[in-house]
Structures are given as C-alpha cells and as structure tokens.
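Structural overview for review
The chain contents come next:
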Amino acid sequence: MSGPTRVPGLLYGGDYNPEQWSEEVWAEDVRLMKDAGVNLVTVGVFSWARLQPGPDTWDFGWLDRLLDLLAAHGVAADLATATASPPAWLVRAHPEILPVTADGVRLEFGSRQHYCPSSPVYRESATRLARKIAERYRDHPAVVLWHIHNEYGDHVTECFCAASAADFRHWLRDRYGDLAALNRAWATDFWSQRYGRWDEIEPPRAAPGPVNPTQVLDWRRFCSDALLACYLAEKAVLDEDGGGIPVTTNFMSMFKSLDYWAWAAHEDVVSDDAYPDPADPEAHVAAAMNYDLMRSLKAGRPWLLMEQAPSAVSWRPVNVPKTPELSRLWSFQAVARGADGVLHFQWRASRAGAEKYHSALLPHRGTGSPQWDRTVRLGRDLTRLAEIAGTRLTADVAIVLDWDSWWALELEDHPSSRLLLRELTLSWYGTAYVRNVTVDFVPPGADLTSYRVVLLPNLYLTTDATAAWLTSYVADGGRLVCGFFSGIVNEHDHVHLGGYPAPLRDVLGVVVDEFWPVPDDASVDVVFGDRRVPATLWSEWLETGTAETVAGYGSGPLTGRPAVTRNAHGAGRAWYVSCHLGDALGHVLDEVFADAGVRPVLDVPAGVEATRRDGPGASFLFLLNHRDAGTELPVPDGIDLLTGTALRGTLRLPPLGAAVLKTTHPQPER
Ligand code: GLA
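Residues numbered from 1 in each chain as written. Predicted model: local features only at pLDDT ≥ 70, side-chain atom pairs only at ≥ 80, totals over all residues. Heavy atoms only, no water.

1. Quick notes on the domain arrangement of the protein chain
Worth spelling out the cut-off: Each domain's extent was defined by an automatic or database domain assignment. In what follows, a contact means two residues having at least one pair of non-hydrogen atoms within 4.5 Å. A quick way to say it: buried area is the sum, across both parts, of accessible area lost when two parts are put together, with a 1.4 Å probe. Each salt bridge in this description consists of a side-chain nitrogen of Lys or Arg and a carboxyl oxygen of Asp or Glu lying within 4 Å of one another. Under this definition, polar contacts are N or O atom pairs within 3.5 Å; protein pairs additionally need one hydrogen-donor-capable and one acceptor-capable atom, and for neighbouring residues in sequence, both atoms have to be side-chain atoms. For helices the rule is a DSSP run of H or I covering at least 4 residues; for strands it is a run of E covering at least 2, with both sets numbered from the N terminus onward. Any residue outside Ala, Val, Leu, Ile, Met, Phe, Trp, Tyr, Cys, Pro, Asp, Glu, Lys and Arg is labelled polar, Gly included; the first ten of those are nonpolar and the last four are charged.
Partitioning the protein chain into structural domains gives domain 1 (11–161 + 216–388), domain 2 (397–596) and domain 3 (608–663). Each of domain 1 and domain 3 has a C-alpha centre, and these two points are 31 Å apart. On the side of domain 3, 15 residues touch domain 1, which itself brings 22 residues to the contact. Summed over both sides, the interface between domain 1 and domain 3 buries roughly 1,600 Å², with carbon and sulfur atoms accounting for 65% of that surface. Between domain 1 and domain 3 we count three salt bridges in total. For glutamate 609, the salt bridge is made with arginine 337, and the minimal N-O distance between the two is 2.8 Å. Linking domain 1 with domain 3 are eight residue pairs in polar contact (both at pLDDT 80 or more). Take the side of domain 1 that touches domain 3: its biggest share by element is nine residues, from helix α11 (residues 324–336). For the side of domain 1 that touches domain 3, a count of residues per class yields eleven nonpolar, four polar and seven charged.

Here it is in structure tokens:
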C-alpha cells in the first residue's frame, strides 16, 4: 500500500534550515541524511526574508541549488510556503500587520509569527510568496508535499487591532444577517449591551468585568476562521499552481484555539507536531490521544508526525532529554496509531538563535555520538517497517470532540472554572487506553454506524440536531456514555430549559436538579456495589426517570442519591456519569464494553500498549512496553519486523522495548 506522498515506505527526517549554514555544510548534510536513512526534509519554513529580501526583489538561487542537491541524493522535500515569519522590511513598511493583544499592546518584530490574521497586507504578501514558490518548484523532482505556513496559532491565536475588529464584524454579519438576530443570540438585554449599529461592536478586548459569553464564544469561532482564511488563501494558490502535489499544514495536537475538524477538511494530508514531556511518566497516554485525534481528522487516513524532538526541547522551564530507548519507543507509538512518517524538529542543531539548545537528529557534537547513533538506528528501524505505509486501524469506540463546545465549556462564570475539556477527555480516553481499546474521535453529526460505543466525556454545548443524532444512535442499538455538564446550552450559549440536560433527558432517562461542584482538594464517595471510589471536581443532584442507578453517592450532601445511571432506550442503552471518577470510570466502561462486545486489541500486561494496523493480506501488531521493567506476553504467531525473528506464541519485551509483529492469518472478529 502507499503512503501520503509518492515517496515509498514510511517517511523519516525533519525540518531542515539550510539558511543557517554555509553551502559546504549542505553537502555534508545530504551525505549524512543518506547515512541515516532520511527520505524527507521540510525546507523553507522560516525563509521569507531570504527568498524575498525586498518588496520586489527575489532570491531563489540558493533554494534552487538546495533542492537540486536533495533530489540528486534521493531526499524528498516538504516545501514550505515560508509565510510564518514576515520579514523586517514588510513589517516596517506596514506596521499595522503586527498583532495587538486584548489590552492594546502591539507586539514587536524580533521573534516569529508576528502578523495579524485579518491583515489584508499580510494575506496578500503571503499568497504572493506562496504563488512564486509554487510556480517555481511545482515541477521540481524533490518536492513531494506542500507545507503551508507553520503551526497556525502558535504564539498568536488572536489579534484585537482595528482590521481584526472590522473582519469580526463581517464575520458576524455573515453569521447573523441582521442586528436583531445578533442581539437575540448575544442576549444583549442582559447588562444593557444592546447594539444599534454594526460598528458599535468590537472584539472582546480587556473590559471591567466578565465580557458577554456569546460574544466571546463567537470571537473564538471567528479567530479559528480568520486563521483558516489565511490557510485557505494559500491553499487556493497551491490548488491552482501547485502541480497537484498534496498539501498539509502542521497542527499542534489537541489545540484549543483551532477547530481542526474544519481545518482538516481542507488538507490533503493531516500532519502534527507533538512534544510529549519525557519528565512526565504518563506523557505517552496524552500522546496516544493526540495521535488518535490526528488519525481521526481525516477518517482514519494515515497522517504524518511532522515534528517531534529527537530528545530535549528548549522551551520548557526544565528540558529533560529522552533516553535513546524512550525516543525510539515514542517514535513507534506514532506509527502504531496511524502515522506514515516520523519527522523531527530539526535535522541539524542550530548554533545560534532561540532554539540552539533544542535537540536535533544531527547534534552539536556531530556524528561520533550516541545521539547520532540513535538517529541512524531509527532510520534503519523505519525502513524495516516500510510495508506498513498506507495500512489502517479500526476502532469500535468513538469519543465525540467538538471545538464549539470546548470553547463554550471554558467560558467564565460557570459553576466551576476547573472543568477543562482536554483534561476531562484525557481522563476518559486514558480509561480506554489502559484497556488497549482503540478509540477514534468524531465530530457531532458523524456517521456512527461502525461504532459499538460512543463516549461523550463532555458536550456542554449541545444543539438540538446533535441531541437528535445521539438519541437516534442509541435508539438504533448503540451504547452511549455521557459525562456530566453535557447538553446544557445551545449554539448561542443559552441554557436549555426544563431540567438539565434537557435535550438529552429522553435518551438518558435522568434529570439534574442542581450542580454540586466539588471544592479543590475535596472528594465525595461514589459506591459501586461493595466498592467505594472517590470522585473529585463535580457532582450533581441527579434524579432518575426511566434510568436505573448503577452507582450512588456515598458521602456528603448527596449521600444516597444516584451518581451513575443506565437507561434502556430503543434498541440501545445510555449511561450517565454525574461526577468525575478519574480512573474509577473503569467500573463503568468495563460494564459498557462487556455489554457492547468491545475487546482489547490483545490481552497484555499493564503498561504495554497494543494497536493493530491492517492491510490487504497482513496485519501489524504494535506492542510497546512503556514500563521500566521487562515483560513477557502471549502473542499470535508471526514475524517481528524490527528484528526479523519469527515468534511462536510468546514475546519478551525489554524495558521500553517494542515489537511490530506481522501476522498473515486472519485476525479474530472483534
Ligand atoms: C514548533 C515549531 C518549530 C520549532 C519547534 C521546537 O513545533 O514548528 O519551528 O520551534 O516547535 O520545539
């Protein structure tokens, strides 16, 4: 099967910033890339000032020579449109392109990502550069992927300048049509905020007290769309002049500011930058969640890990390196969850600049170093996994993720400011992860027919259409597990009246009378049969209608009231979890998974991650040992592609060890 570009096998390499080095160094670079098995480098990400030294002067000579050199050595290029860092001359000629913060500070030149997404000058300049690059290099043999911009929303996710305000008003006019509709949606009779003219509306700048929540929610939607408009302007250029080469822009994992469902729809290949912290012993769980999201953004199509650190980063307060084993294990983890490439920031460690202490494939010390050995080893390993490119995972379980609801949940002045969607989702995801149950993410309205179970860690903002979608999923035989504080408001952040969670009450068979958030450092007991577990963050005065009680509160003012319920609805069942159970959510999910016939990929010891990618005629079982101790596990017969060894029934994994087992016999139905 083939991967996301015309390069065969898995992709390996990283960001390459040759402008930081003399051309003699380039010759060494390509030679060493070959030694390491590198087959793709990302070029030009921060090259704008070099490529366009003045308004009408261009210098492509160096990039011509570089791309020729790469092509001559069989290294492909992911060529950037170079638009993430506008040059000084452009900023000085048009200081209005610099972004402005909520309290009115215009951010200066001297770092990167210094542009206002709504600036017409920025957008025109960026698309002009993208067109020059596309026209010049679309037929170049090295170029296999276009890389638009870099990490949209990194550093600057919103700008509060006059151009942004004007753009926001346009966006609001498109959304609401007339001011009466906006006044209704924003509930402007509250605190005398009624608008009589469009030009009275401003972005939610620093204000004396809480800003209108619907205004803030619309602002979040607008900011994601404003950056998306920048992307789409460049994408249109590449669609026209890019020679049919696939297009990507690198995402930043589960990133709150950008609605990646909307973005991914316009990408040919999803790519992601992921920097799990080696100092965090649980970092691999959040990494797995991010990778599953990336795979899900284009309905299971292979994606690219566009950037990871070979070892330490340089931007945390304390930057702990990865051991060679950890670096290798975490690289396989991305492939295990659907990546067809493992790329890094960056190829050669910078000598100067803000990132000189960031690890690289080729470290400051050069080749005779353990860091370089690690680089060569990973290249060899990925070559051995070449046949995995293009294969896919399947999941029986889906988690609903919706950016609108994320933004709304985290608005101010809620019963608790401690509810953060990423953390809630990670807690639910982690409960499935430790059971080695593969999970996809889906947006509201997605086709759920292939999923036995749908998890809803939180969907604070639930439209009537989304509630109907979930209800019919259950009526048709699905299993839904719904977390607390879901189904509370509509698309305008207005409360659904009549008892929470009004639009989901039928399917869940419960009504919530009042929210009882749990103070920091406190907990309440929840009783499952003869087991008592602590719940933190949140609890609710819950009443059952048609639902039955699965667990009840066992301490505090809600003692004796239901905490977790189950409701038969049509041909399916819906569970409601009114408190934050942490790991104890496993008591609920074990019941749900058993009820739905959801099985782990493989029964393995705790700490071992198992996933499976399937291709025509073969399956590839990834077994990753995240523990510091060795382990032995039962496996089907097959060949470990990393060692070439035939395995018969048992596998020994060293601490932080990995195996990729190729099996050709049919896998049991899950
Ligand atoms: C991001 C950027 C890179 C680099 C790395 C460092 O992912 O895209 O340019 O700054 O972080 O970790």
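More follows now that the structure is in view.
2. Topic: helix α14 (residues 421–433)
Threshold: Given the number of residues in a helix, its expected span is that number minus one, multiplied by 1.5 Å. In this scheme, a residue with accessible area under 20% of its type's maximum is buried, one over 50% is exposed, and one in between is partly exposed, where area comes from a 1.4 Å probe on protein chains only.
Between its first and last C-alpha atoms α14 spans 17 Å; for 13 residues at 1.5 Å apiece the expected length is 18 Å, and the two agree. Burial within α14 is extensive, with ten of its 13 residues counted as buried. Every buried residue belonging to α14 is among Leu421, Leu424, Thr425, Ser427, Trp428, Tyr429, Gly430, Thr431, Ala432 and Tyr433, and all of these are buried.

3. Thoughts on the site of the ligand
For clarity, the threshold we go by: Proximity criterion: a residue is near a molecule or strand once any of its heavy atoms comes within 4 Å of it. Note that accessible areas follow from Shrake-Rupley with a 1.4 Å probe, and for residues the cover is restricted to the protein chains shown.
In the vicinity of the ligand, the residues found are Phe46, Arg112, Asn150, Glu151, Asp273, Tyr275, Glu307, Trp315, Phe345, Glu355 and His358. Contacts to the ligand include glutamate 151, whose side-chain N or O atom sits 2.5 Å from an oxygen atom. Within the side chain of glutamate 355, one N or O atom sits 2.3 Å away from an oxygen atom of the ligand. For the ligand, whose accessible area on its own is 310 Å², the fraction buried by protein is 97%.

4. Examining helix α5 (residues 120–137)
The terminal C-alpha atoms of α5 lie 26 Å apart, and with 18 residues this matches the ideal 26 Å at 1.5 Å per residue to within 8%. Among the residues of α5, Val121, Tyr122, Ser125, Ala126, Thr127, Leu129, Ala130, Ile133, Ala134 and Tyr137 are the ones counted as buried. Residues of α5 that are buried in the fold lie against α2 (48–51), α3 (61–72), β3 (76–80), α4 (88–93), β4 (143–147) and α8 (213–241).

5. Here's the deal with the side chain of histidine 414
One can find histidine 414 in the loop between α13 (403–409) and α14. At 3.0 Å, the side chain of histidine 414 forms a polar contact with the backbone oxygen of leucine 409. Contacts of histidine 414, omitting those with residues within four sequence positions, involve Ala408, Leu409, Tyr460 and Phe485.

6. Some thoughts on the pairing of strand β10 (residues 397–400)
Inclusion rule: Here the rule is simple: two strands pair whenever DSSP picks up at least two bridges between them.
Along β10, one buried face is formed by Val397 and Ile399 and the opposite face, lined by Ala398 and Val400, is buried too. As judged from the four bridges shared by β10 and strand β11 (residues 439–442), these two strands associate in the parallel manner. By the bridge assignment for β11, isoleucine 399 is matched with phenylalanine 441. The pairing of β10 with strand β12 (residues 453–456) spans three bridges and is parallel. The residue bridging valine 397 from the neighbouring strand is valine 453, located in β12.

7. Thoughts on the sheet that holds strand β19 (residues 562–569)
The cut-off we apply is this: Lines are fitted to the C-alpha atoms to define the axes, a helix being fitted only along its stretch in contact, and any angle between axes, read from their N-to-C directions, falls within 0 to 180 degrees.
With respect to topology, nine strands assemble into an open sheet ordered β11-β10-β12-β13-β20-β19-β18-β15-β16, the strand pairing being mixed. Edge positions in the sheet fall to β11 and β16 (531–535), since each has one partner strand and no second. On average, adjacent strands in this sheet sit at an angle of 20° to one another, irrespective of strand direction.

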